[in-house]
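# Results of the structural survey
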Amino acid sequence: MNDKVVSERVNALLAQMTPEEKAGQLCQFFSFTPNDVAITDEVAAGHVGSILVVRDPAELDRLQHVAVEQSRLGIPLLFGFDVIHGLRTIFPVPIAMAASWDMEIIEAGQVVAAAEARAIGLHWTFAPMVDIARDPRWGRMVEGAGEDPHLGSAVAAAQVRGFQGSAIGEAGRVISGPKHFAGYGAALGGRDYDEAEISDSELRNIYLPPFKAAIDAGAGNIMCAYMTLNGVPATGNHWLITDVLKREWGFTGFTVSDANSAYDLATHNFAKDSADAGVRALNAGLDMEMSLSVKSSCYASLPQSLAVGAVSENTLDDAVRRILAMKFRMGLFENPYVDQTQVNAVLGNPAHRVVAQEAAEKSFVLLRNENKALPLDRTKLGSIAVIGPLADSARDTLGPWVFDHDLAETVTVLQGITDKVGGEMQVAYSPGVTMIPRLNPSFFDALPGLQPAARVEVDDDAEILRAVELANASDCAILVLGEAQNMIGEAASRSSLDLPGRQQDLLEALIATGKPVILLLMSARPLDLKGAAPDAILNIWYPGTQGGAAVANTLFGDAVPGGKLPFNWVRSIGQVPLPYAHMKTHQPKERENRYWNEQGSASYPFGFGLSYATFAYDNLRVSKPVVALGEAITVSVDVTNTGSCAATEVAQLYIHQRYGSAARPVRELKGFKRLTLSPGETQTVEFVLTAKELTYWSAAVRDWVQDETIIDIMVGADSAATLSASFEVRAP
Ligand code: NOJ
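Presented here is a report on the structure given in the accompanying data block.

About the cut-offs
Residues numbered from 1 in each chain as written. Predicted model: local features only at pLDDT ≥ 70, side-chain atom pairs only at ≥ 80, totals over all residues. Heavy atoms only, no water. Pairing = 2+ DSSP bridges. Helix = DSSP H or I, 4+ residues; strand = E, 2+ residues; numbered from the N terminus. Axes fitted to C-alpha atoms, helices over the stretch in contact; angles between N-to-C directions. Contact = heavy atoms within 4.5 Å. Left-handed = near helix turned anticlockwise from the far one by under 90°. Buried < 20%, exposed > 50% of the residue type's maximum accessible area, 1.4 Å probe, protein only. Right-handed = clockwise from strand over helix to strand, strands pointing away. Core = buried A, V, L, I, M, F, W, Y, C linked by side-chain atoms within 4.5 Å.

### Digging into the sheet that holds strand β15 (residues 517-522)
Spatially, the six strands line up as an open sheet ordered β11-β16-β15-β14-β12-β13, and their pairing is mixed. The open sheet has two edge strands, β11 (365-369) and β13 (426-430), and neither has a second partner. When the angles between neighbouring strand axes are averaged without regard to direction, this sheet yields 15 degrees. Across the sheet, helix α20 (residues 503-511) lies against β12 (383-387), β14 (476-482) and β15, angled at about 165 degrees from β14, the strand it touches most.

Below, the structure written as structure tokens:
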């Protein structure tokens, strides 16, 4: 449907609507119980534009029939939900997907998620989360792409393409709603929902670019954030939503609040009361309110606010237009119902599990591999001990933000290893220690069907001894440690990076056996192992439905790790925040000694990840020594696989500006390429740096600038790359 037809149909419909019906289109409600009479009545009265949480196709259809057949104008509902890393087929958590640095698999993963979501009748996902996260105390870093705006932008765009396809309304796809606009990841102290104080330079250069990239990729929706940004609540922030998003960026989709975040304008002591919160949010540019219940809705009172002139008809109409346009584009007026005959076939599609397994294999990051401890040689092993409280927990393997998964089909690490080599060697298991519960329970744990994994309660001291005996009696110990799935995610911030419970004791006891110890970390933040040094460390994140199968393939060399860290892996909590893209300052050579008690650098730098192969970088060159402002330059480098197996490497390009109108970070990622090389093979990688990559928001000029300067480039396997060259930028 072209723009002209959409706007004609929208205008024709709008002309028939009462203020109540207009306000109704702007209201989105949670619905937790089937056949809820209150919600049904509201839908029939034309007071509801959208519903979230319902996933039963029959219930979705029932509600849609009420909207289409019983409401005066028959406007269909838009059904939204959090389809974050899969619906039935669960993919690795988003930060893990980002660690693949593979935009094709990221897009493919969200194509699968969209297909499953659309099959059950959903139209819209509240994803991707594109918040930059630089403080690992913040639990929600698991949902994003890490600390870097360049990688974050690429990942954001790939996810939007996956969810939506090339245009809104494509068959089998859903509307994508990047969130949380904007700056949510900068929560003070890493405490979820706390205020964010972000300079305009950081906002423009770091926090906003992934949103812009998502919008450029066509995202139809944007969700506004909970917290105050520089003193103004994001959901009521006119500058953010109207000036930047809608005017400067020309966003034509619709905005939605976070759950009750419009009402929170009053919680923030910004709005006087609920009605005022509705007025302030709408006037700021918030089109739809996501509200926990009809009672807590601020937008329900918009008709009265219109009557007293607190909001204008134009403002109201603009918001309604944006939502109706989306419903027309999605084809809901022609095709409002679910094809229930297709649901099982789509959710059970075995091809979806294949993509999930490939994604998991690509996401693992090999942090340490002493004396080539990995891959394991299955011809030389007679027995393996699989140890740890997360080794056989299906629920934890999936990670947070899953609701429609199937635990029975989830492959745990123990299961994956047993399936692969159980027929040829002994595989023994011990939980090692108990996974401790959270001190403050998560509200997710109370949701129906979402109870955390039942914990195997063991006597930790006795079980550690048993695990040690098991390791001593085996040729190798595979240890699966980390955080349970409810220890990370929304409302799951943490003031420590230690392994919860007695896991550190278990780790140290096993290392002391002298047996080969392979540590698999199930986590989404940099955990502090306090210097413990097992033979190998593979970060497996929360790897999803096929996680254990992917792990087994990787352990035995049928998949080669090629993931790279999307954040600096700090040594300890005290270093936080420690972005790799920091400013250079006084005594730069002393940076390693800024703390007298430990090294200043990260344990593993941003972009880091080992392989079973090794790579050499050589022959770095730039296409010209001097470029004019606005002109592009090509950087090339030869990458050789110096190892003995075929493997994938992510070549990374960083820049540093020597001088200019404002100070710039010591290095910033501006390009990356994944390449697969056979042993001995060399490929030349080319990066094109355009004016876009050399332009930044200057805090001094208070605008975008490209300076006349000298740019240093560093190319290599991670953000500590040393191979460098430089070029000059001059006025033409
Ligand atoms: C609150 C979360 O902040 C947001 O990310 C999510 O989409 C909504 N709840 C709806 O579940």
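From this point on, the discussion continues.
### Quick look at the sheet that holds strand β5 (residues 175-176)
The six strands lie next to each other as β5-β4-β3-β2-β1-β10, forming an open sheet whose pairing is parallel. The sheet is open, and its two borders are formed by β5 and β10 (289-291), each paired with just one other strand. Sheet analysis places strand β3 (residues 78-81) next to strand β4 (residues 124-125), joined by two bridges and oriented parallel. By the bridge assignment, Phe-81 is partnered in β4 with Thr-125.

### Details of the packing of helix α6 (residues 103-120) against helix α16 (residues 350-363)
At a closest axis distance of 10 Å, the pairing of α6 and α16 adopts a crossing angle of 145 degrees. You can see that α6 and α16 cross each other, and the crossing is left-handed. Contacts between α6 and α16 involve Ile-105, Ala-108, Gly-109, Val-112, Ala-115 and Glu-116 from the first element and His-352, Arg-353, Val-355, Glu-358, Ala-359 and Lys-362 from the second.

### Some remarks on the pairing of β15
Counting buried positions over the six residues of β15 gives six, a clear majority of the element. Across six bridges, the pairing between β14 and β15 is parallel. By the bridge assignment, Gly-482 is partnered in β15 with Met-522. For the handedness criterion, the β-α-β arrangement of β14, α20 and β15 is classed as right-handed. Note: β15 against strand β16 (residues 536-539), four bridges, orientation parallel. Counterpart to Leu-519 in the pairing with β16 is Ile-537.

### Some words on the nonpolar core
Formed by 186 residues in total, the largest nonpolar core has its most connected members in Leu-376, Ile-518, Leu-520, Trp-541 and Leu-555. The dominant element in this core, judged by the number of residues it contributes, is helix α14 (residues 313-329), at eight residues. Residues contacting Ile-518, with those up to four places away along its chain left out, are Ala-373, Leu-374, Leu-376, Cys-476, Ala-477, Ile-478, Leu-479, Ala-536 and Leu-555. With 25 residues, the next largest nonpolar core counts Phe-615, Tyr-617, Val-627 and Leu-675 among its residues.

Bear in mind that shape data such as this cannot, by itself, settle questions of function.
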